[in-house]
Amino acid sequence: MRRLIYYMRLWAGYQRRGFLEMTQYPADTMIMVVSLLLREASGFIGILTIAYAAGGLGGWGVYEICLMFSMCALVESISMTFFDNVWGIDFLVHQGRMDVLLVRPAPLFFQLLGEAAHHPALVSMAVYAGTMIFSMARLGLSASIGLLLFIAEYLVCGVIVNTGIYTIFNCLNFWIVHGEDVAVLVQTCREFAKYPIGAFPGVIRTVFTYMLPFGFVGYYPAAYLTGKAGNWVLAGLPLSAAGVALTAAVFWKLGTRAYDSTGT
């Protein structure tokens, strides 16, 4: 219990530091907030434009697409706010910063996540949470205990899948130079998951269901809520999260064992 309290206080300290860094340069923070909103809005508007022109997309109506996109973006904004520093593995490895973390009395991955926080993404989080609630209301999804429990399950599992996949590919920096380029490619491919992947060829559906299970970040949860997928989604979410988390843990363990500082 005392250990848990210690980690909670340490995490709170990390978040406080991140908040102070955000408020230190308010102009930079506002620019980041606007850029985040514009980046997501551009993709959102593109999807809606196609949906309106075609009268739907892959059998999905406009509000169903709004629901799917907002669920996917909400998970991304949560991951970006609290767990985005997996993208800093390249800096820690190539600059030797990992040496500092190794001598501190806290788990290495815990320190990695706490090293940086992107609180401006909280604005995106609020916007997409509102969009998700609005879409649910337009689709006639009434609030219930079952719905709230499913939303909690999807958020936890979605964040694990999202952060875990990025952790796996950023761990390539332990073995190759500029391994983050592969992670950026995976992040680019993630944009497919903001569309109804059922409209894509079978090979793409297979990739985003089993190999890079971004489908469980937005598409399958939204499909379950709109009646387009069965109860198997309830089991698929924790299974995909567990599979990604286990794979990420293996890559992280092997990567940290292979780490030998900068050699200087």
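Residues numbered from 1 in each chain as written. Predicted model: local features only at pLDDT ≥ 70, side-chain atom pairs only at ≥ 80, totals over all residues. Heavy atoms only, no water.

Enquirer: Honestly, the pattern of salt bridges in this entry has me stumped. Any pointers?
Expert: If the charged atoms of two oppositely charged side chains come close together, the side chains can form a pair. Across all of its chains, the model carries four salt bridges by this definition. Where K228 meets E64, a salt bridge forms, and the shortest distance between an N and an O atom there is 3.6 Å. On the criterion of sequence distance, the pair formed by K228 in the loop between α11 (219-225) and α12 (232-258) and E64 in helix α3 (residues 62-82) is long-range, its members being 164 residues apart. For K228, a relative accessible area of 38% translates into the label partly exposed. Look at E64 and you get buried, because its relative accessible area is 15%. Put simply, E76 and R190 hold a salt bridge, and the shortest N to O gap is 3.3 Å. (Salt bridge = Lys/Arg side-chain N within 4 Å of Asp/Glu carboxyl O. Helix = DSSP H or I, 4+ residues; strand = E, 2+ residues; numbered from the N terminus. Buried < 20%, exposed > 50% of the residue type's maximum accessible area, 1.4 Å probe, protein only.)

Enquirer: Sorry, what's going on with the side chain of Q111 here?
Expert: Counting through the fold element by element, Q111 comes out in helix α6 (residues 108-114). Relative accessible area serves as the criterion here: at 0%, Q111 is assigned to the buried category. Of note is the side chain of Q111, whose polar atom sits 2.8 Å from the backbone oxygen of A106. Look past the residues within four positions of Q111 in its chain and what remains in contact with it is Y14, L101, R104 and A106. (Polar contact = N/O pair within 3.5 Å; in protein donor to acceptor, adjacent residues only side chain to side chain. Contact = heavy atoms within 4.5 Å.)

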